[in-house]
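Read off the chains here:
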Amino acid sequence: MSRFVRASKYRHVFGQPSKKEHAIENVKVTNSAWDTNIISASAQYISVNWNASGGGAFAILPLPSPFQGIPGFPHKLPDTIPLARSHTAAVLDTDWSPHNDSIVASGGEDGKLMIWKVEASMFEGWGQEGWVAQDFDPVLRIDGSPRKIGQVMFHPTASNVLASSSGEHTVKLWDLANPEEPRSVLSGHGDIIQSMSFNSTGTLLATTSRDKKIRLFDPRAGGEAVRINDGHSGIKGSRVVWMGDLDKIATTGFSKMSDRQVAIWETGGLTNVKTISLDQSAGVVMPFWTDNNILFLGAWLTGKGDGNIRYYEYESDSLFLLSEHKSSEPQRGMCFLPRRALSVSDCEIARAYKVYGTTIEPIAFIVPRKADSFQSDIYPPAPSIEPSLSASEFFNGKVAPRKLVNLADGSTISGPKPSAVPSSTSTPAQSPPVTQPTRSFSAAAPSPAPAPSLAPSTPSFSEPSPATPAQRSWAPSPSPAITESKTPSRSNTTDDKQSGLEEENARLNAELREAREKIRNLELQVESMRANARKAAEALMNQ
């Protein structure tokens, strides 16, 4: 047996649940058996699918913290609270805008998509004498599908772009400023879509389906998938999550023998890199990725061990188990907080919100350190609240790197360039991120002018200015300047030659990247033409 212990700064991360008085109790969770996370969080609020009579509803509540209670808000909810009630059937999924902490989208069994804007004044006087609950009203209603809307997801970098999956076995992308028709419809699924996930810049979308296939789409290149492969072979639910800026996705599912599995796939050929068997429990496994290269796995439904949260560190195409947060309370749903809202003073690298019974429990995942300064090695830049693109720019084919926020001082920086569909003939080591070709959308393109508000009489979707990361106690102190005396030497000539060689090498590498980019773009155009040809052939055969 090897005595080697793999070095990792996250090896001792532990989950710290909140005190009982810091959780939210008397939560009436939906009875729907639809497989979604049930709960979603922004940096200010949480939404949870509610068990309501007379139609569908979900609750919007202030964000609880594992370190303190919510000022002026009861931890045990009154029996009657304000709800978002406008759906006529059960609400199946909600998602908060990454660019506005007060905007939330919902989808339900009635086939409707709704957008809601939360005002802080809605929570004044909760539970006090004379307080009357007033329900939330949507600012936008969209007829999303004649069948149910199973999942909703905001675009990670383009403002006011929403994706929805429906019982029609399609994913539709909407411009919320012009919601009359979807701007893109992604088809080809043979059964119900079980989950979907954008890559970090929103140029690609991965889906899993009950037909046991994994599909990769370029939403602006057409409705056909550009990559398809067999996923997990079991019949139970499968989930997918993009692994940050990596050209890889992680999926969870079941084998034919009902073993629960987690797998890694590279997106170049959508080929399997690694598959790990977890156990034989019945609950669907929910994957969550953080930019610390940590994959969190939580189970949905009841069963032995389904209250636990496992977390793995990704390195060199392998997943290494870090630890497991154990709990005797099986979770009904779970979500994670946006990283820009973490408490860096507590060395909190991730925060989960777990729904069990009638309780919403915050769980802080903490690196145990005694430190008096910001720990930059465990806090890579987080996705910023600022969008990189408008909806019209995105659908007109523009690409832009996502904006990131430095958790030390709140400053904004640009992330890596968006990547196109990686070539299936290239190895990951030979496939640097490249920029996609600009493509025109088949529908009439809107003017590149700023998007109008959703309705004249409703609040507009104006993007707030970026806030300083929450609960930040430290900022790095400037380093004193260091002055060195330099004397000329013969080594300077050698250094100049070395510098010239490095510049030439950088120029050649740039030209090589451009050549590879052109090759990949041509491959993508050929695949799109083939997909259109297949459609035309099918249409002729059906005549």
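Source: prediction; values computed, not measured.

Colleague: Please set out the sheet that holds strand β13 (residues 184-186) residue by residue, giving values where relevant.
Modeller: Sheet architecture is open: 4 strands sit in the order β10-β11-β12-β13, paired in antiparallel fashion. Two strands close off the open sheet at either side, each with one partner strand: β10 (149-154) and β13. Taking each pair of neighbouring strands and ignoring which way they run, the sheet shows an average axis angle of 20°. The pairing of strand β12 (residues 171-175) with β13 spans 3 bridges and is classified as antiparallel. When the sheet's bridge partners are listed, K172 is paired in β13 with V185.

Colleague: How would you summarise the sheet that holds strand β6 (residues 91-96) if you had to cite specific residues and measurements?
Modeller: Strands sit in the order β6-β7-β8-β9 across an open sheet of 4 strands; the sheet is antiparallel. Of all the strands in the sheet, just β6 and β9 (140-143) have a single pairing partner and so form its edges. If you compare each strand with its neighbour and ignore which way they point, the axes differ by 20° on average. Relative to strand β7 (residues 103-108), β6 is paired through 5 bridges, and the arrangement is antiparallel. Counterpart to D95 in the pairing with β7 is A105.

Colleague: A description of the packing of aromatic side chains should follow, citing residues and the corresponding values.
Modeller: The geometry of an aromatic ring pair is captured by the separation of the ring centres together with the interplanar angle, meaning the angle of the planes. This model, assessed by the stated rule, comprises 16 aromatic pairs. Measuring from ring centre to ring centre gives 5.9 Å for Y45 and W96, while their planes differ by 20°; the resulting arrangement is stacked. Residue Y45 is located in strand β3 (residues 45-50), and its partner W96 is located in strand β6; the two are separated by 51 residues in the primary sequence. The buried category is assigned to Y45, whose relative accessible area is 6%. Judged by relative accessible area, which is 4%, W96 ranks as buried. Judged by centre distance (5.4 Å) and plane angle (90°), the ring pair of F58 and W116 falls under edge-to-face. Note that F58 is positioned in strand β4 (residues 57-62) and W116 in strand β8 (residues 112-117), a separation of 58 residues in sequence.

Colleague: Give me the lowdown on the pattern of salt bridges, citing residues and values where you can.
Modeller: In the structure shown here, the tally under the stated rule is 20 salt bridges. Taking the shortest distance from any N to any O, the salt bridge between R340 and D101 comes out at 2.7 Å. Of the two residues, R340 is situated in the loop between β26 (333-336) and β27 (348-356) and D101 in the loop between β6 and β7; the sequence distance between them amounts to 239 residues. Where E393 meets K398, a salt bridge forms, and the shortest distance between an N and an O atom there is 3.6 Å. When salt bridges with common partners are traced through the structure, they connect D245, D291, R339 and R402 into a single cluster.

Colleague: Before we move on, could you go through the nonpolar core and cite the residues and values that matter?
Modeller: With 37 residues, the main nonpolar core has I60, L61, L77 and I360 as its most contacted residues. For this core, the secondary structure elements donating two or more residues are β2 (39-41), β3, β4, β5 (83-84), β6, β8 and β27. No other element matches β4, which puts 5 residues into this core. Ignoring any residue separated from it by four or fewer positions in sequence, one finds L61 in contact with I24, Q44, Y45, I46, F73, L77, I81, F123, W126 and I360.

Colleague: Describe the environment of D218, naming the residues involved and giving the relevant values.
Modeller: Looking at the secondary structure, you find D218 in the loop between β16 (213-217) and β17 (227-230). The class for D218 is buried, based on a relative accessible area of 1%. Residues D218 and L205 lie 13 residues apart in sequence; the distance between their C-alpha atoms is 6.5 Å.

Colleague: Now, about the UniProt feature "repeat: WD" (unreviewed entry) in the protein: what can you tell me, with residues and values included?
Modeller: The residues that UniProt annotates with the feature "repeat: WD" (unreviewed entry) are residues 84-119, 142-184 and 186-218. Spanning residues 84-119, this segment combines 0% helix with 53% strand, and its end C-alpha atoms are found 13 Å apart. Helix and strand shares over residues 186-218 are 0% and 52% respectively, and the end C-alpha atoms of the span are 9 Å apart.

Colleague: Give me the lowdown on the side chain of T30, citing residues and values where you can.
Modeller: Tracing the backbone through its elements, the reader meets T30 in the loop between β1 (14-17) and β2. T30 gets classed as buried once you look at its relative accessible area, which sits at 6%. With near-sequence residues (within four places) excluded, T30 lies in contact with N49, W50, N51 and R332.

Colleague: Summarise the environment of Y379; cite the residues concerned and give the values.
Modeller: Looking at the secondary structure, you find Y379 in the loop between β28 (359-366) and β29 (382-383). Taking C-alpha positions, Y379 is 8.9 Å from C347, a pair spaced 32 residues apart along the chain. Dropping the residues within four chain positions of it, Y379 is found in contact with R339, S343, V344, C347, E348, I349, F374 and L407. Within the local environment of Y379, its side chain forms a polar contact with the backbone oxygen of E348, the two atoms lying 2.8 Å apart.

Basis of the calculations
Residues numbered from 1 in each chain as written. Predicted model: local features only at pLDDT ≥ 70, side-chain atom pairs only at ≥ 80, totals over all residues. Heavy atoms only, no water. Pairing = 2+ DSSP bridges. Helix = DSSP H or I, 4+ residues; strand = E, 2+ residues; numbered from the N terminus. Axes fitted to C-alpha atoms, helices over the stretch in contact; angles between N-to-C directions. Phe/Tyr/Trp six-rings, centres within 6.5 Å; stacked < 30°, edge-to-face > 60°. Buried < 20%, exposed > 50% of the residue type's maximum accessible area, 1.4 Å probe, protein only. Salt bridge = Lys/Arg side-chain N within 4 Å of Asp/Glu carboxyl O. Core = buried A, V, L, I, M, F, W, Y, C linked by side-chain atoms within 4.5 Å. Contact = heavy atoms within 4.5 Å. UniProt positions renumbered as here; feature names shortened; annotations may be inferred. Polar contact = N/O pair within 3.5 Å; in protein donor to acceptor, adjacent residues only side chain to side chain.

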